[in-house]
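Letter by letter, the chains look like this.
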Amino acid sequence: MLAAVTVPQTQPFPAPPADDGTGLDLTQANERLASMTAKERIRWAVDTFGDRVLLLSSMQKTAVVLMHMFHELGLTNEVLFVDTGYHFFETLRMRDEYMRRFHLNLVTLYPASTIEEQEALYGAKLFNSVAGQPECCRMRKEMPLLAHLATKQAPVLVNGLRRSEGGKRANIKALGPDRRTNGYQLSPIFDWTTADVQAYIAEHDLPMHPLHAQGYPSIGCYPCTTPVQPGEDERAGRWRHLRVLTEEAPQYCNINFSDGGGI
Ligand code: SF4
């Protein structure tokens, strides 16, 4: 049983301007974006929305591709990294390596409490229970991100989601509304395969998170991430410890968001 604890809420988002000057028709925008390269999609977004475009980076392989494109385009737009306090050491090391190499405008976001404070407050490691995990993800991932985005007007959050990952991601479009923020989510590599990602990294000789080579195709916080076995889904290693307890275990947290839920 979790203790009832009031956690701080994020600020309300500023309403989008009645006319933000983009005159954006989402259907037409997606038709245009479909025929562009991934780099052209990012360029289009920055030309259209300016510094409202922010990249959300997990420091995994798809994030490397997008950070490299930001670098090649000479962008000073913010690159956001949410430091949950539960990251693998290798993830933090890759963040520092990428920043040194690409000179990006990195913004590391932190939860309101340390992991020690959170564990003392709840008297438990929240990630170990089906009831506690959503609260842990909300406090350590979603809230720091939303608190930062609430300082922007109609932000455009760039992510590395791909249709080839399947599940809820199988039908994503390049550009979608983000109803949490009154802004948008841009997925520049929505039509890439895993092979496309690997080919880009090899072509540009980019450093890759070392855990990918150790059986981790998808990497989150260390308490909630395990390697996958041959034949398993790419995300099978996420929250595996909860999946043995219940079929209701999560597949996604809410840091990436679409249609009212995590994706
Ligand atoms: Fe907590 Fe696990 Fe979510 Fe990380 S992935 S914030 S450790 S529940």
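Counting restarts for each chain: residues are numbered from 1 in the order of the written sequence. Local features in this predicted model are restricted to residues of pLDDT 70 or higher, and side-chain atom pairs are both shown and tallied only at a pLDDT of 80 or more, whereas totals for entire chains, interfaces and linings draw on every residue. Heavy atoms throughout the structure, all of them, feed into the side-chain values; hydrogens and water do not.

Here we look at helix α7 (residues 194-203)
Just so we agree on the cut-off: Think of it in three bands: with a 1.4 Å probe and only protein chains considered, a residue is buried below 20% of the maximum accessible area for its type, exposed above 50%, and partly exposed in between. For helices the rule is a DSSP run of H or I covering at least 4 residues; for strands it is a run of E covering at least 2, with both sets numbered from the N terminus onward. The arc in question is the one spanned by the directions pointing from the helix axis to the C-beta atoms. In this description, contact between two residues means that some pair of their heavy atoms is separated by no more than 4.5 Å.
Among the residues of α7, Val-197, Tyr-200 and Ile-201 are the ones counted as buried. Buried residues in α7, looked at end-on, bunch into an arc of 95 degrees, giving them a common side. Counted as exposed and oriented over 90 degrees from the buried face of α7: Ala-202 and Glu-203. Tucked inside the fold, the buried residues of α7 contact α3 (61-72). Looking one or two places after α7, you find Asp-205, whose phi comes out positive at around 55 degrees.

Let's talk about the environment of Cys-253
Position of Cys-253 among the secondary structure elements: in the loop between α8 (240-243) and β7 (257-258). Residue Cys-253 is classed as buried on the basis of its relative accessible area, which comes to 10%. As a C-alpha pair, Cys-253 and Cys-136 span 117 residues in sequence and 9.9 Å in three-dimensional space.

Overview of the side chain of Arg-162
Definition in use: Two N or O atoms form a polar contact when they lie within 3.5 Å of each other; inside protein one atom must be a possible hydrogen donor and the other a possible acceptor, and for residues adjacent in sequence the pair counts only when both atoms belong to side chains.
Position of Arg-162 among the secondary structure elements: in the loop between β4 (156-158) and β5 (175-178). Of the polar contacts made by the side chain of Arg-162, one reaches the side chain of Ser-164; its length is 3.1 Å. Discounting chain neighbours no more than four positions away, the residues touching Arg-162 are Thr-62, Arg-169, Ile-172, Ile-189, Phe-190, Trp-192, Thr-193, Thr-194, Val-197 and Glu-234.

Things to note about the pairing of strand β1 (residues 53-56)
Put simply, side chains in a regular strand alternate between the two faces of the sheet. Selection criterion: Crossovers are described as right-handed under a simple rule: with the strands pointing away from the observer, the path leading from the first strand over the helix to the second runs clockwise.
The side-chain alternation of β1 yields two buried faces, one formed by Val-53 and Leu-55 and the other by Leu-54 and Leu-56. Between the parallel elements β1 and strand β2 (residues 78-82), the chain passes through α3 in a crossover that is right-handed.

Topic: the nonpolar core
Basically, it comes down to this: The term nonpolar core refers to a set of buried residues drawn from Ala, Val, Leu, Ile, Met, Phe, Trp, Tyr and Cys, joined through side-chain atoms within 4.5 Å.
Of all hydrophobic cores here, the largest spans 43 residues; its most connected members are Ile-42, Trp-44, Val-53, Met-67, Phe-70, Tyr-98 and Trp-192. Discounting chain neighbours no more than four positions away, the residues touching Met-67 are Leu-55, Ser-57, Met-59, Val-79, Tyr-98, Met-99, Phe-102 and Leu-104. Membership of the second largest hydrophobic core comes to 14 residues, among which are Cys-136, Cys-137, Cys-221 and Leu-242.

Some words on a nonpolar patch on the surface
Here is the rule we go by: Only residues whose relative accessible area exceeds 30% and that take part in no salt bridge are eligible for patches, with like-charged residues grouped when within 9 Å of each other and nonpolar side chains (Val, Leu, Ile, Met, Phe, Trp, Tyr) grouped when within 5 Å. Note on areas: Shrake-Rupley with a 1.4 Å probe; residue coverage comes only from the protein chains shown. Note on definitions: salt bridges are taken to be side-chain nitrogens of Lys or Arg within 4 Å of carboxyl oxygens of Asp or Glu.
The grouping of Val-130, Val-244 and Leu-245 at the surface amounts to a nonpolar patch, some 290 Å² of accessible area in total. In this fold, Val-130 is placed in the loop between α5 (115-122) and α6 (133-149).

Observations regarding the confidence of the model for the protein chain
The cut-off we apply is this: pLDDT measures how confident the predictor is about each residue, on a scale from 0 to 100.
Per-residue pLDDT for the protein chain averages 88, and the proportion of residues at 70 or more is 86%. Confidence drops under a pLDDT of 50 for residues 3-8, and excluding neighbours within four residues, the segment shows eleven contacts in the predicted structure.

Comments concerning the sheet that holds strand β6 (residues 183-186)
Here is the rule: Between any two strands, pairing holds if DSSP finds at least two bridges. Fitted lines through C-alpha atoms give the axes, limited to the stretch in contact for helices. The angle between two N-to-C directions lies from 0 to 180 degrees.
The six strands lie next to each other as β3-β2-β1-β4-β6-β5, forming an open sheet whose pairing is mixed. Edge positions in the open sheet fall to β3 (105-109) and β5, since each of these has one partner strand only. On average, each strand axis in the sheet is tilted by 30 degrees relative to the strand beside it, whichever way the strands run. The sheet contacts of α3 involve β1, β2 and β4, and relative to β1 the element is tilted by about 145 degrees.

Focus: the pattern of salt bridges
Throughout the structure, instances matching the rule amount to 13 salt bridges. One salt bridge connects Asp-191 with Arg-41, and the closest N-O pair in it is separated by 2.9 Å. Of the two residues, Asp-191 is situated in the loop between β6 and α7 and Arg-41 in helix α2 (residues 38-49); the sequence distance between them amounts to 150 residues. Linking Asp-47 and Arg-43 is a salt bridge whose minimum nitrogen-to-oxygen distance equals 3.3 Å. Within this pair, Asp-47 and its partner Arg-43 are both found in helix α2, separated by four residues, close to a single helical turn. The exposure class assigned to Asp-47 is exposed, which follows from its relative accessible area of 56%. Because the salt bridges share partners, they merge into one network encompassing Glu-97, Arg-100 and Arg-101.

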